[in-house]
Amino acid sequence: MREPAFKVIPPFLAKSAVLALVLCSLTNGCLSSPSRQALPPSPLPGYDYDQEFFPGAIYDTAVPTPDAVLGFRVGSQAATPDQIEAVITALAAHSRRVKLVRYATSHEGRGLHYLVIASEANLAKLDDLRSGLDQLADPRALSPKEGDRLTKSLPAVAWLAYSIHGDELSGADAALVLAHHLAAGTGDDAKSLLKELIIIIDPLMNPDGRARCLAAVAQNRTAQPSIDDQSLLHSGIWPGGRTNHYLFDLNRDWLWATQPETRGRLAAIGDWHPHYLLESHEMWSQDTFLFSPSRPPKNPNFPQQALYWSGRFAEDHAKAFDARGWRYYVGEWNEEWYPGYSSTWAPLRGAIASLFEQAGIVTDAVRRAEGTLETYREAVHKQLVSSVSDLNTLARNREAILRDFLAEKRDCVADGGSREKRTWAILPTDNRARWNQFLDLLQIQGFEVYRAEEAFKGSGIDRLGIDVGDQEFPAGTLLLPERQPEARLLATLMEFDPRMSTDFLIEERRELIRFDRSKLYDVTGWSAPMLFDLNCITLTGDMPAAAKAVRVDAASSIVESRPVENESTTVAFIIDGADDASVIAAGRLMERGVRVRVADKALAFDGRSYGRGSVLISRIDNTLFDGDLPATIAEVAAITGTEIRGLHTGMGAGDLPDLGGEHFILLRTPRIAVIGKEPIRSGSYGECWYTIDHVLGLRASYLDFHDLEYTDLRRYNVIVVPSAPTEALDGVMDALKPWVEAGGTLIGIGGSTGAIARETGGIGSIRQLPDILAQPEPYLQAIIREWEGRTTTVDADAVWSHTAPTGKDAPVIPWLGTGVTDGDDQPDKDELLRRDAWREIFMPHGAIVAGRVDDRSWLTAGAADYLPINYQAEHVLMVPPGVEAPVRIGTFHPVPVPTQTSEPHEDGSEGEAGDQDEPVSPGWTIAPPGFELRVRMSGLLWPEAVERIANSAGLARESIGAGQIILFASDPLFRASAPGTARLFTNAVVCGPGMGADQPIDL
């Protein structure tokens, strides 16, 4: 809308304004216009795209067109979220074929909707149709005859979803055109589709991201058309519009459902059981158009019918593009191994999935390499043609597709089906918050869950791939049988170690060696029991007879909140540190002015045991608390879901800590800052932001990276530096180092650890692997000292001997010399660097590795002996003696005693059992005698990468002056999908001021 030629002048400016106008008229005659109009654009061949979307189509005039609602032609510019909502609301209000459903609300309060579009007859009997669709999706009570009837009579359900990435704009505008055509079209094409199908259109899956993108477009708008995709108008500004409010990529959230947009969508899809799911995207602006099927590797749980139909849909799609001379390709870069994006997740539920990737045109047009222009309206048209092509294919093959869908679901539940007879058993835990979060994930994905009502025996494989033999499982164990309607998705979520084909491994390795690039698009390991760090065993055979179904609405009763026990205590209140919510409660209490202590050792009071990291709120610490302490504690307990007890005594059991001893450290209220803006990686920043703001519920300041030099850092005692390219952080350490030395807690994640862990310009003595290759001994000794300090025994006779040991009896460093080559064979530094560079080629693309846990570190409270870690680190961190490594990569596991055999020596004499020389381990893969180092848990991890990362620090902590640095080699908050490692981060943020940093007493 243009501004009016004349504006109303406020009274207080009227006199001066009139005077100015008079003076202006006496000089240059400027009364003719208050502002100069921009010159009209020069002619730009190819800029006007005038092809009609549906040539010759006739529409019911009672249904408003999108153009009429928007006030501009669809495709001339991108519609805003509000405009999209206005269009779909108008369609639902005026068409008898449309039902509008709001299924979620975004973080910023915007609605997410889907349109159910069907013939009037089908729309009138939706409840009956949905009952039949439910039976196809769970056919356990469906007879063959009734199944045949339903596949012949039911419409197929198509779920069409657009613009999950907010800056991939064209799909949502295409959705508006398609919705109107189906809602108002009077021709046979629309009517025939609605005879065979129920079409559900989700026009905008990420309204917050789209709003952010279009705000940047408006901010950088030019009067002249912008056709250079490198210009700011097309490239956008940090953090871009791809992600949602907290900068989460929603097309990686289909498996984890951490965001409200995803949670609402999964519940809605679960109500409809679609047979086809489309998702439209955009990609590089100089690209063409990609569609399914993808290239290898495929997720091993993919159903064959989905693979078959994907190829059939592609053939028809190609014909539609060929008819218009549009260029396209299939499956050159996208693969469907990771199940967290739609095109992988949907087939695991039995649906045929289609992925569209149109060249991204944010606005106006883009000049392509061959000199042509591709306009935004043409991008919308391609999305529309693609959608219609797939709908036509679905309609033509409706009955065959429904038969295949039913056959697939029968296979999932049948005793004689292809699914294995497996059950995942999750052992009970004291971590009530984690347990509740896991149950919530199972519920939102629609899985059937059982609970053992009594103890039982079973055998199976644990998370490390070890056969546990016949062991007893306690009552309360959760049980997830594979044979259920969503068997494929359940197996994909729960399996410990899915494997790629050998053919793909060969291709991937060649690609890495020759071009230093991977063919993998996303992470290769994601097992939920691992990332949640829940003790899980894959059982073989049927579920135990004493298993009872856990109803969805009863799941929360397993971990229901309880009132504060003994709230009149005169001693202290306690929260078990085994529970993740204990950290949340501690932070929330401190924000209310309550003084809190945390135990650095396991303890027991009043006949109950409590884990390391338990939170104590003593009466005497809070003598000056201005408020009702029990009421405040009860309020926090209710908000956080924690179980809080009042103690009857402060005396610990036996030798365990007493309340007045050294093991209860007084925390300081965290004053948190998170550094953002370029060059900080937006995804890492968003995860930190979401965790602190949404999960911990704590106030924090979010600082501009470029203003750090001028920022008063004294206001904060915790600063988080999310992942960023190491070289981009040059100079920042100069501002942060004195702040750390004065008592600050600096937390570095991923790439940012490289800037901290370097000799020149860094902070502290933690180093990257290449920097210490020539002098490894101190770092090897640190590994040995940590382990021996936990496990060593004593030869009492040697201790009390009066004779000095000599020769082979002389004390030596245990098991040193089994790792890095010693003596004359030691390669020079250049050779070591060349070897390391070769190994670096094979670093993991997101595998799950085992991290052994230091049981004396406050940072690892809530973790067991080893912790599964989603590992995709840029830097391998090494710590010298005196510096802590609360988590190291690889866990030591006892080696089975070998069968004793007698082998002859080379001279023919008889050898004695166990006489063979043990092989020397290369690199850093040292392990104590009698143990092996287990590193890989799930996902692709090349042997060269194992050699490189073994025994390195997954988490490192070092005291610097009165403060500390805490470095996470890999992202502990990865997509909010890993509560196990997220606990380490929340420990660092909430407990760092006090547990690891010295600060002055508040006067």
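Thresholds, definitions, all that
- All chains use their own residue numbering, which begins from 1 and follows the written sequence.
- Whole-chain, interface and lining totals are the exception, using all residues; otherwise, since this is a predicted model, local features are given only for residues with pLDDT of at least 70 and side-chain atom pairs are given and counted only at 80 or more.
- Each side-chain value is derived from all of the structure's non-hydrogen atoms; neither hydrogens nor water enter the calculation.
- The helix count covers DSSP runs of H or I at least four residues long, the strand count covers runs of E at least two residues long, and both are numbered beginning at the N terminus.
- Only the C-alpha atoms count toward the radius of gyration. The rule for a globule is 2.2 Å times the residue count to the power 0.38.
- Between two residues, a contact is recorded if the distance between any of their heavy atoms is within 4.5 Å.
- Methods summary: accessible areas were calculated by the Shrake-Rupley approach with a probe of 1.4 Å, and residue burial reflects only the protein chains presented.
- For this count, His and the chain ends are skipped, Lys and Arg are scored as positive, and Asp and Glu as negative.
- Here the site of a charge means atom NZ of a Lys, CZ of an Arg, CG of an Asp or CD of a Glu.
- Each residue is placed in one exposure class: buried if its accessible area under a 1.4 Å probe, protein chains only, is under 20% of its type's maximum, exposed if it is over 50%, and partly exposed if it falls in between.
- At least two bridges found by DSSP between two strands is the condition for calling them paired.
- Every axis corresponds to a line fitted to the C-alpha atoms, with the helix fit spanning only the stretch in contact, and the corresponding angles, defined between N-to-C directions, vary from 0 to 180 degrees.
- Only rings of Phe, Tyr and Trp enter the pairing, Trp through its six-membered ring, and a pair is recorded when the two centres are within 6.5 Å. The plane angle decides the type: under 30 degrees is stacked, over 60 is edge-to-face, the rest tilted.
- For a Lys NZ or an Arg CZ to count as sitting over a ring, it must be within 6 Å of the ring centre and within 35 degrees of the ring normal.
- Like charges within 9 Å and nonpolar side chains (Val, Leu, Ile, Met, Phe, Trp, Tyr) within 5 Å are joined into patches, using only residues over 30% in relative accessible area that form no salt bridge.
- Note on definitions: salt bridges are taken to be side-chain nitrogens of Lys or Arg within 4 Å of carboxyl oxygens of Asp or Glu.
- Throughout, the arc means that of the directions going from the helix axis to the C-beta atoms.
- For this analysis, a nonpolar core means a set of buried residues of the types Ala, Val, Leu, Ile, Met, Phe, Trp, Tyr and Cys, connected via side-chain atoms within 4.5 Å.
- Each angle gets one of four labels, with under 35 degrees taken as roughly parallel, over 145 as roughly antiparallel, 65 to 115 as roughly perpendicular, and the rest as oblique.
- For any helix crossing, the convention is left-handed if the near helix is rotated counterclockwise from the far helix by under a right angle, and right-handed if that rotation is clockwise.
- What pLDDT conveys is the predictor's confidence in a given residue, as a value from 0 to 100.

(A) Here's a closer look at the overall build of the protein. Counting its regular elements, the protein contains 30 helices and 40 strands. Relative to a compact globule of 1003 residues, whose C-alpha radius of gyration would be 30 Å, the protein shows 32 Å and is just as compact. Along the longest, intermediate and shortest principal axes, the C-alpha atoms of the protein span 105 × 90 × 70 Å. The contacts of the protein with a sequence gap of at least 6 include a subset with a gap of at least 24, amounting to 80%. With an accessible surface of roughly 43200 Å², the protein has 51% of that area assigned to carbon and sulfur atoms. Once the 95 positive and 137 negative side-chain charges of the protein are each reduced to a mean point, those two points are 7 Å apart.

(B) Main features of unusual backbone geometry. Note that the residue after W238, namely P239, is joined by a cis bond; omega there is 0 degrees. Among the secondary structure elements, P239 is positioned in the loop between α10 (232-235) and α11 (260-272). Located in the positive-phi region is L247, a residue other than glycine, with phi close to 65 degrees. Its location among the elements puts L247 in the loop between α10 and α11.

(C) Structural context of the pairing of strand β3 (residues 156-162). Taking burial as the measure, the 7 residues of β3 include 7 buried ones, the bulk of the element. In β3, alternate side chains face the same way, and those of A156, A158, L160 and Y162 on one face and V157, W159 and A161 on the other are all buried. In this sheet, strand β4 (residues 197-202) lies alongside β3 in parallel orientation, the contact comprising 6 bridges. Counterpart to W159 in the pairing with β4 is I200. Across 5 bridges, β3 lies against strand β5 (residues 276-283) in parallel orientation.

(D) Spotlight on the sheet that holds strand β15 (residues 456-461). Sheet architecture is open: 7 strands sit in the order β16-β15-β18-β13-β17-β14-β19, paired in antiparallel fashion. Two strands bound the open sheet, and with one partner strand each, they are β16 (467-473) and β19 (547-549). Pairs of neighbouring strands in the sheet enclose a mean axial angle of 40 degrees, with direction left out of account. Pairing geometry for strand β13 (residues 422-426) and strand β18 (residues 536-540), over 5 bridges, is antiparallel. Pairing of R422 across the sheet is with T540, part of β18. The sheet strands contacting helix α16 (residues 432-444) are β13 and β17 (478-481), and the helix crosses β17 at an angle near 25 degrees.

(E) Structural context of the sheet that holds strand β2 (residues 111-117). One open sheet accounts for 8 strands, arranged β1-β2-β4-β3-β5-β10-β6-β8; its pairing is mixed. Edge positions in the sheet fall to β1 (98-105) and β8 (329-330), since each has one partner strand and no second. Across 2 bridges, the pairing between strand β6 (residues 289-291) and β8 is parallel. Pairing of L290 across the sheet is with Y329, part of β8. Along the sheet, α11 contacts β1, β2, β3, β4 and β5; its crossing angle with β1, the most-contacted strand, is approximately 140 degrees.

(F) Examining the packing of aromatic side chains more closely. Applying the stated criterion across every chain, the model contains 33 aromatic pairs. Centroid distance Y685 to W689: 6.0 Å. Interplanar angle 45 degrees. Geometry classified as tilted. Taken together, the positions of Y685 and W689, both in helix α22 (residues 682-695) and 4 residues apart, correspond to about one turn of that helix. Measuring from ring centre to ring centre gives 6.4 Å for F968 and F985, while their planes differ by 50 degrees; the resulting arrangement is tilted. In this pair, F968 is assigned in strand β40 (residues 963-968) and F985 in helix α30 (residues 979-995), connecting sequence segments 17 residues apart. Ring pairs connect the aromatic residues W238, Y246, F248, Y685, W689, Y690 and Y702, which therefore count as one cluster. Sitting over the face of the ring of W254, R265 holds its NZ or CZ atom 6.0 Å from the ring centroid. The side chain of R517 reaches across the aromatic face of F515, ending 4.4 Å from its centre.

(G) Structural detail: a nonpolar patch on the surface. On the surface, V794, V799 and W800 cluster together to form a nonpolar patch covering roughly 400 Å² of accessible area. Mapped onto the fold, W800 is located in the loop between α27 (796-799) and α28 (829-840).

(H) Quick peek at helix α23 (residues 732-741). For α23, the complete set of buried residues consists of V732, M733, L736, W739 and V740. Summarising the axial view, the buried residues of α23 lie within an arc of 130 degrees, below the 170-degree limit, and thus occupy one face. Turning to α23, the residues buried within the fold contact β29 (718-721), β30 (745-749), α24 (753-756), β39 (953-960) and β40. Trailing α23 by a residue or two, G743 shows a phi angle of about 125 degrees, which is positive.

(I) Seen up close, the pairing of strand β32 (residues 847-853). For β32, the buried fraction is high: 7 of the 7 residues fall into the buried class. With burial as the criterion, each face of β32 is covered, one bearing A847, V849, G851 and V853 and the other bearing I848, A850 and R852. As defined by bridge partners, β32 adjoins strand β33 (residues 866-871) across 6 bridges and the pair is classed as antiparallel. Among the inter-strand pairings, V849 is bridged to a residue of β33, identified as I869. Pairing analysis gives 2 bridges linking β32 to strand β38 (residues 936-938), with the strands arranged antiparallel. Following the sheet pairing, V849 is matched in β38 by R936.

(J) Molecular detail of the nonpolar core. Counting residues in each nonpolar core, the largest one holds 154 residues, and the members touching the most others are L160, I201, W256, W272 and F438. Beyond its immediate stretch of four places on either side in the chain, W272 contacts Y114, V116, L126, R130, L133, V157, W159, I198 and I200. In this structure, I783, M843, A956 and A982 belong to the second largest nonpolar core, which totals 119 residues.

(K) Structural view of the side chain of E643. Of note, E643 is situated in the loop between α21 (629-640) and β25 (644-646). A residue is classified by how much of its surface remains accessible, and E643, at 16% relative accessible area, is buried. Those residues within four positions of E643 in sequence are excluded, and the remaining contacts are R432, R562, I574 and I575.

(L) Main features of the environment of V583. When you line up the elements, V583 lands in helix α20 (residues 581-591). Residue V583 is classed as buried on the basis of its relative accessible area of 4%. Sequence separation between V583 and T691 is 108 residues; the distance between their C-alpha atoms is 12 Å. Those residues within four positions of V583 in sequence are excluded, and the remaining contacts are R983, T986, N987 and V990.

(M) Inspection of the packing of helix α7 (residues 170-184) against helix α14 (residues 376-396) at higher detail. Relative to each other, α7 and α14 sit at 60 degrees, their axes nearing to 8 Å. One way to sum up the angle between α7 and α14 is to call them oblique. Crossing angle aside, the handedness with which α7 passes α14 is right-handed. Residues S170, G171, D173, A174, V177 and L178 of α7 touch α14, and the partners they reach there are Y376, A379, V380, Q383, L384, S387, V388 and L391.

(N) Spotlight on the environment of E678. When you line up the elements, E678 lands in the loop between β27 (672-676) and α22. Excluding anything up to four places from it in sequence, E678 contacts W238, F705 and H706.

(O) How the structure looks around the pattern of salt bridges. Tallied over the full model, the rule gives 64 salt bridges. Residues R263 and D440 are paired through a salt bridge, measuring 2.8 Å at the closest nitrogen-oxygen approach. Pair noted here: R263 is in helix α11 and D440 is in helix α16, with a separation of 177 residues, a long-range link. On the accessibility criterion, D440 (28% relative accessible area) is partly exposed. In this structure, R517 engages E511 in a salt bridge whose closest nitrogen and oxygen atoms are separated by 2.7 Å.

(P) Local environment of the confidence of the model for the protein. Averaged over every residue, the pLDDT of the protein is 90; the share at 70 or more is 91%. For residues 1-32, every residue scores under 50 in pLDDT, and the model assigns this stretch 7 contacts once sequence neighbours within four places are set aside. Every residue in residues 818-823 scores below 50 in pLDDT, and together they form 14 contacts with partners more than four places removed in sequence or on other chains.

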